[in-house]
Amino acid sequence: MSAVTVDTLFAQLQAMHDSLQNGALDTVQELLEQHDRDVRGFMQAHGSRDTGADTLSNLLYAQLQLQDRLRDARDAAARKLRESQQAERATRAYLSTPGG
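Residues numbered from 1 in each chain as written. Predicted model: local features only at pLDDT ≥ 70, side-chain atom pairs only at ≥ 80, totals over all residues. Heavy atoms only, no water.

A.B. asks: Please provide a residue-by-residue account of the overall build of the chain, values included.
C.D. replies: The helix and strand tally for the chain stands at 3 helices and 0 strands. When the elements of the chain are put in sequence order from the N terminus, they spell out α-α-α. Taking 13 Å as the expected radius of gyration for a compact globule of 100 residues, we find that the chain reaches 21 Å, considerably beyond that expectation. By residue count, 22% of the 100 residues in the chain fall in the buried class. A separation of at least 24 residues holds for 73% of the contacts in the chain among residues at least 6 apart in sequence. Element-wise, carbon and sulfur atoms account for 51% of the exposed surface of the chain, whose accessible area totals about 7200 Å². Distance between charge centroids for the chain: 9 Å, based on 11 positive and 14 negative side chains. (Helix = DSSP H or I, 4+ residues; strand = E, 2+ residues; numbered from the N terminus. Rg over C-alpha atoms; globule rule 2.2 N^0.38 Å. Buried < 20%, exposed > 50% of the residue type's maximum accessible area, 1.4 Å probe, protein only. Contact = heavy atoms within 4.5 Å. Areas by Shrake-Rupley, 256 points an atom, 1.4 Å probe, with all protein chains shown as cover. Lys, Arg positive; Asp, Glu negative; His and termini not counted. Charge placed at Lys NZ, Arg CZ, Asp CG, Glu CD.)

A.B. asks: Account for the packing of helix α2 (residues 25–44) against helix α3 (residues 53–96), naming residues and giving values.
C.D. replies: With their axes 11 Å apart at the nearest point, α2 and α3 run at an angle of 160° to one another. By the angle class used here, α2 and α3 are roughly antiparallel. For α2 against α3, the interelement crossing comes out left-handed. Residues L25, D26, V28, Q29, L32, H35, D36, V39, F42 and M43 of α2 lie in contact with α3, whose contacting residues are L56, L59, L60, Q63, L66, Q67, L70, A73, R74 and A77. The class makeup of the residues in the contact of α2 with α3 is 13 nonpolar, 4 polar and 3 charged. (Axes fitted to C-alpha atoms, helices over the stretch in contact; angles between N-to-C directions. Parallel < 35°, antiparallel > 145°, perpendicular 65-115°, else oblique. Left-handed = near helix turned anticlockwise from the far one by under 90°. Nonpolar A, V, L, I, M, F, W, Y, C, P; charged D, E, K, R; others polar.)

A.B. asks: Describe the pattern of salt bridges, with residues and values.
C.D. replies: Here the structure, examined in full by the defined rule, presents 5 salt bridges. The salt bridge partner of D36 is R40, with a shortest N-O separation of 2.9 Å. With a gap of 4 residues between them, D36 and R40 both fall in helix α2, about one helical turn apart. What emerges from the salt-bridge pattern is a single network uniting D68, R71 and D72. (Salt bridge = Lys/Arg side-chain N within 4 Å of Asp/Glu carboxyl O.)

Structure, rendered in structure tokens:
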């Protein structure tokens, strides 16, 4: 397995943003968990000391932004599911009334 670089970590974030655009929320969650492990490994590696604080700060900020976007997308999906279920219940109630 090759060592993770800061460029790799930024590339992972971009790939997750792309997957999020396509609505692959579960895939993004799995990738984000792996990314977090990779970031932790990178931070513990000797080579990460050569990475500037600004770069690491930007990386972690980008990760937080992705987590926020993922949370918002999940919230929106949950809202749509609730609305769909509510509409389905209303339809069934309407159809079960006499004359419906």
